[in-house]
Amino acid sequence: MSDARHVSLELPFETRTWKLENGLVVTLMPRPELHQTYAMFATRYGSIDRAFRTDGKVHEMPDGIAHFLEHKMFEDPEMDVFARFAAHGASVDAYTTFDHTAYYFSGTGEIAKHVGTLLDFVQSIHLTDENVEKEKGIIAQEIHMVNDHPDRRGYMELLKAMYHEHPVRIDIAGTVESVQAITKEQLLLCYHTFYHPSNMVLVIAGGFDADEIARVIEENQAKKSFGKPPAIERLYAEEPSAPARSRHWVHFPVQQPRLLMGWKEANGASGSNLIEQDTAMTILLDALFGPTSAFYQSLLDDGLIDKGFSAGYQLANTFGYTLVGGNTPHPDVLAERIQSHLAHVREHGIDETAFERARKKIMGRVLMSLDQNAFLVRNWVTYFVRGAEAFAFADVIAVLQTMTLERANARLREHLRDDNMVVSAVVPS
Amino acid sequence: MESFQTLDAGRCQVHTLPHPAFRTKEISLKFHLRMARERVTEEAMLPGVWMNGTIGLPSHRQIALATDDLYGTYLRASISKRGGHHILEVGTSVPDVPGEDEAALVERALDLALSLAVDHAAGAGGFSEAAVQREKELHRRRIRAVRDDKAAYALQRCHQIACRDTPAGLPRLGFEEDVEALLPDRLYEAHQQVLAQAEVHAYAVGQFRDMNGLAERLADRLAKTLPEKRTMRAEAVARDVVLPAELRDFEEVTEAEEAQQTQFDLAFASGVGFGDAEYPALVMMNGVFGGFAHSKLFMNIRERRSLAYSVWSFVDAATGLVTVYAGISADKRDEVRQIMEDELDAIRRGEIAVSEWQETRATLRNQYQQMLDQPAMLIAWHHHGVIAGSARTLSEMIAALDQVRPEDAAALATALRPVCLYVLEGRGSRA
């Protein structure tokens, strides 16, 4: 097998990106060989955007409002949104993250019609005091469902311990109490602030005719007027670089304990810096904690982990962190093993063979992901939201190919330290 | 659209499907056999044991090193169940890497996949005493952890009660009390039994340069490594459909747990399974009832009365059970149950709007068409057909939906009989 640094990559499809007059960025990836088309319309507005300034006025919103708004966008007196997509055989859904809200459909025919419906239902809002009130019971059940899930709960508890002030420490859906406080007026203000086309992106991949869809989008948008884009200033309290707590144990009715360790980035990143740092961390974490590391095998041999043990990295504009963990009978022992492993590698550096192996593996995984429309679109939207507007998959491949061992070692010493680390665990109550 | 070519090699069958849209190549080996109380736990452990090491690659790490060297080729071993059948699967997904010799990559991935299933010896690799001890502990924890996903656990309990005393009522992972007693030698015997007795189906989907050659090599390699004859012929087709006529009394079981939410699972027997002519009508009926976000249950329980965030009904194709699920507050249990019964009665009376019918058909058609883009789904659909003794392709299923009339769905709804209500009450979930 040859070296991953010299693989030449030609994408198996064309990508077309342009900006409309109203500021909306559109990316099309036509792939006529596929049945499915996956389309996503997303705004740079998530749960962390709870305080902002527009026209010189500061607004502070109840927690969970971006997610609440996502639910209410499906309310439309003119049409039942789910049924409208269903009538022509597509399914529609949405999700809210810390920094964006995304609406998407997946369909196999009449794509032009569905694209129009997607744009239309997200670009109109129909709120009444009554339909806002009605949603509160549904969201309360969603919050209960999430709170009953030990992995999700463990993840949110870790972020609570990691952050003093940054709203990433608050659950995306808010709390049953904060959701109760949400009003129609607040929802409308957030909608008109964050759903202007200049704050949004539309990405479509799959079996459709690119010229036809481009025309449908242009015509649909030309018919609507949105006014001037609002100048949005997002307000975040000062966040110290050290974690709020270094240890956090949560008792929960769970059958087996879970350890989750986190390392906090002092800053977020955007654009090409974000792609570069994200890629460096992906290789680094695989070399350190992946199934091919001697460390992973020793943890398996000692019965400290199962094959679900994993490491991951998140980097956004205003926050970033590494997470490592999984099921373990002995959270404290595992945490100590991970700490001393890191101390050792910080001192001696990452093994070059392990680094090259990780690079090669991740290259193959990126190539395989090109078969997955939904994955492609979601990734594209996430990078867009985080400031990599002119991003292309070729950039990720290029970064992957030019990443150096020195850079990974520098990242290791800069980020995976003891003083920015949080050790948390979910243990049986 | 999607027609698998089958090479019948006696001991095993190799099914291939060239697919120009996929750059990732998918190979899967499936071993299936009837579940039995005394064997279920050891069978469930085998895929984990396989992944812990072979004769040639005696540790999990060595297996991972080999796949990383193939550009992160995925290699997995898993256990699943379909009605009363256990399915042990070894699968691999091989990337298409520009400039690399495709045949060499595929051949090495195929070697790995085959060796994972057959290259074992008592006392070696995953079957070494130390590895077995570790796997026993992991399996014990796996069985306990089923309780941590409350929605999945409640559904499993509901189906176990509905299919009590049949193979379909056995849990996928087996029983904790069996794990302790297992000796390494016994586990290796169980492995040999699976190779000897299971029905074996191999699949290859994607852009392979020489698909026929690959199919022949796969059949040849399997024939060389598997015992020539089954020592006990497994039943290839066994019906797991729960029959309304043979039902015990309706059972209502409530268990309580520390949780914020209450899990509500109500199972009905339809008497119709995957291979039956009425199956497309059952799927349509379920779609109207609670299959989608435009369905009766979603509209009435969630959208109109705000009683749940999650509310669905779904068909288990092997047992023919139609199960309604909702995550609710404990004190809303009777109200939710009443709405479910009212909506089912509405379908029985034929109250299905033209729009509801069309939306359901279009959404189902879309769902099946999307499966045509997913190699793993194409393989799973075909294999379900093998187990159910049905040769209906996805394209035929899509065509069959067009033939279903609302009165067919009403007739199936009328035939539905409740078998079991299982409620996992969250102690913190009273509103």
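Every value quoted in this text rests on a predicted model; they were computed, and no experiment measured them.

## Some words on the sheet that holds strand E10 (residues 321-328) of chain B
Residues and elements named next belong to chain B.
At step 1: Overall, mixed pairing links the 5 strands, which are arranged E7-E11-E8-E10-E9 in an open sheet. Where the open sheet ends on each side, the last strands, each with one partner, are strand E7 (251-257) and strand E9 (311-316). On average, each strand axis in the sheet is tilted by 15 degrees relative to the strand beside it, whichever way the strands run.
At step 2: Direction of pairing for E9 relative to E10: antiparallel, over a ladder of 6 bridges. Bridge assignment links Trp312 to a residue of E10, and that residue is Tyr325.

## Points about the UniProt feature "domain: Peptidase M16 N-terminal" (unreviewed entry) in chain A
At step 1: According to UniProt, the "domain: Peptidase M16 N-terminal" (unreviewed entry) feature falls on residues 56-175 of chain A.
At step 2: Structurally, residues 56-175 of chain A comprises 49% helix and 15% strand, and the distance from its first C-alpha atom to its last is 29 Å.

## Remarks on the nonpolar core
At step 1: Within the largest apolar cluster, 125 residues are counted, with the highest numbers of intra-cluster contacts made by A:Ile338, B:Phe31 and B:Trp50.
At step 2: Residues in contact with A:Ile338, not counting those within four places in the same chain, are A:Leu259, A:Met261, A:Trp263, A:Phe289, A:Phe295, A:Phe309 and A:Val324.
At step 3: Within the second largest apolar cluster, 110 residues are counted, among which are A:Phe74, B:Ala281, B:Val322 and B:Tyr368.

## What about the pairing of strand E5 (residues 85-94) of chain B?
One face of the sheet, then the other: side chains in a regular strand alternate in exactly this way.
All names here are of chain B.
At step 1: Counting buried positions along E5 yields 10 of 10 residues, so the element is predominantly enclosed.
At step 2: Burial along E5 is two-sided: His85, Ile87, Glu89, Gly91 and Ser93 and His86, Leu88, Val90, Thr92 and Val94, pointing in opposite directions, are all buried.
At step 3: Inspection of the sheet shows strand E3 (residues 25-34) paired to E5 by 10 bridges, in the antiparallel sense. Within E5, the residue paired with His32 across the bridge is Ile87.

## Quick notes on the interface of chain A and chain B
At step 1: Taken together, the contacts link 68 residues of chain A with 66 residues of chain B.
At step 2: When chain A packs against chain B, close to 5700 Å² is buried across both sides, 54% of that on carbon and sulfur atoms.
At step 3: Where chain A meets chain B, there are 5 salt bridges.
At step 4: Two residues, B:Arg134 and A:Asp301, come together in a salt bridge whose shortest N-O distance is 3.3 Å.
At step 5: Our enumeration of links across chain A and chain B arrives at 29 residue pairs in polar contact (both at pLDDT 80 or more).
At step 6: Contributions of two or more residues to the side of chain A that touches chain B are made by helix H2 (81-87), strand E6 (90-96), strand E7 (101-107), helix H4 (129-147), helix H10 (294-301) and helix H12 (352-369) of chain A.
At step 7: Top element by residues in the side of chain A that touches chain B is H4(A). It accounts for 10 residues.

## A few points about the sheet that holds strand E3 (residues 37-43) of chain A
All names here are of chain A.
At step 1: Ordered by their spatial adjacency, 6 strands build an open sheet running E1-E2-E8-E3-E7-E6, and the pairing between neighbours is mixed. Of all the strands in the sheet, just strand E1 (16-19) and E6 have a single pairing partner and so form its edges. Across the sheet, the axes of successive neighbouring strands diverge by a mean angle of 10 degrees, strand direction being ignored.
At step 2: The sheet contact formed by E3 and E7 spans 7 bridges and is antiparallel. Each residue of the ladder has a partner; that of Phe41, found in E7, is Tyr103.

## Looking at the packing of aromatic side chains
At step 1: Taken as a whole, this structure holds 27 aromatic pairs over all chains when the rule is applied.
At step 2: Look at B:Phe127 and B:Tyr188: their rings are 5.2 Å apart centre to centre, the planes differ by 85 degrees, and that puts the pair in the edge-to-face class. Residue B:Phe127 is found in the loop between helix H3 (102-118) and helix H4 (129-145), and its partner B:Tyr188 is found in helix H7 (residues 184-197); the two are separated by 61 residues along the sequence.
At step 3: A relative accessible area of 1% means that B:Phe127 is categorised as buried.
At step 4: Taking the relative accessible area as the measure of exposure, B:Tyr188 reaches 14% and is therefore buried.
At step 5: Just above the ring of B:Tyr71 sits the side chain of A:Lys360; from NZ or CZ to the centre is 4.9 Å.
At step 6: The ring of B:Phe175 has B:Arg37 lying over it, and the distance from NZ or CZ to the ring centre is 3.8 Å.

## What about the UniProt feature "domain: Peptidase M16 C-terminal" (unreviewed entry) in chain A?
At step 1: Sequence positions flagged by UniProt for "domain: Peptidase M16 C-terminal" (unreviewed entry) are, in local numbering, residues 182-361 of chain A.
At step 2: Secondary structure content for residues 182-361 of chain A is 44% helix and 20% strand, while the C-alpha to C-alpha distance between its ends is 46 Å.

## Concerning the side chain of A:Ser293
All names here are of chain A.
At step 1: Here Ser293 shows up in the loop between helix H9 (271-289) and H10.
At step 2: Judged by its relative accessible area of 8%, Ser293 is buried.
At step 3: Among the polar contacts listed, one links the side chain of Ser293 to the backbone oxygen of Gly290, at a separation of 2.7 Å.
At step 4: Here the side chain of Ser293 touches Tyr296 through a polar contact of 3.1 Å, landing on its backbone nitrogen.

Cut-offs used in this document
Residues numbered from 1 in each chain as written. Chains lettered and ligands numbered in written order. Predicted model: local features only at pLDDT ≥ 70, side-chain atom pairs only at ≥ 80, totals over all residues. Heavy atoms only, no water. Pairing = 2+ DSSP bridges. Helix = DSSP H or I, 4+ residues; strand = E, 2+ residues; numbered from the N terminus. Axes fitted to C-alpha atoms, helices over the stretch in contact; angles between N-to-C directions. UniProt positions renumbered as here; feature names shortened; annotations may be inferred. Core = buried A, V, L, I, M, F, W, Y, C linked by side-chain atoms within 4.5 Å. Buried < 20%, exposed > 50% of the residue type's maximum accessible area, 1.4 Å probe, protein only. Contact = heavy atoms within 4.5 Å. Buried area = accessible area lost by both parts, 1.4 Å probe. Salt bridge = Lys/Arg side-chain N within 4 Å of Asp/Glu carboxyl O. Polar contact = N/O pair within 3.5 Å; in protein donor to acceptor, adjacent residues only side chain to side chain. Phe/Tyr/Trp six-rings, centres within 6.5 Å; stacked < 30°, edge-to-face > 60°. Lys NZ or Arg CZ within 6 Å of the ring centre and 35° of its normal.

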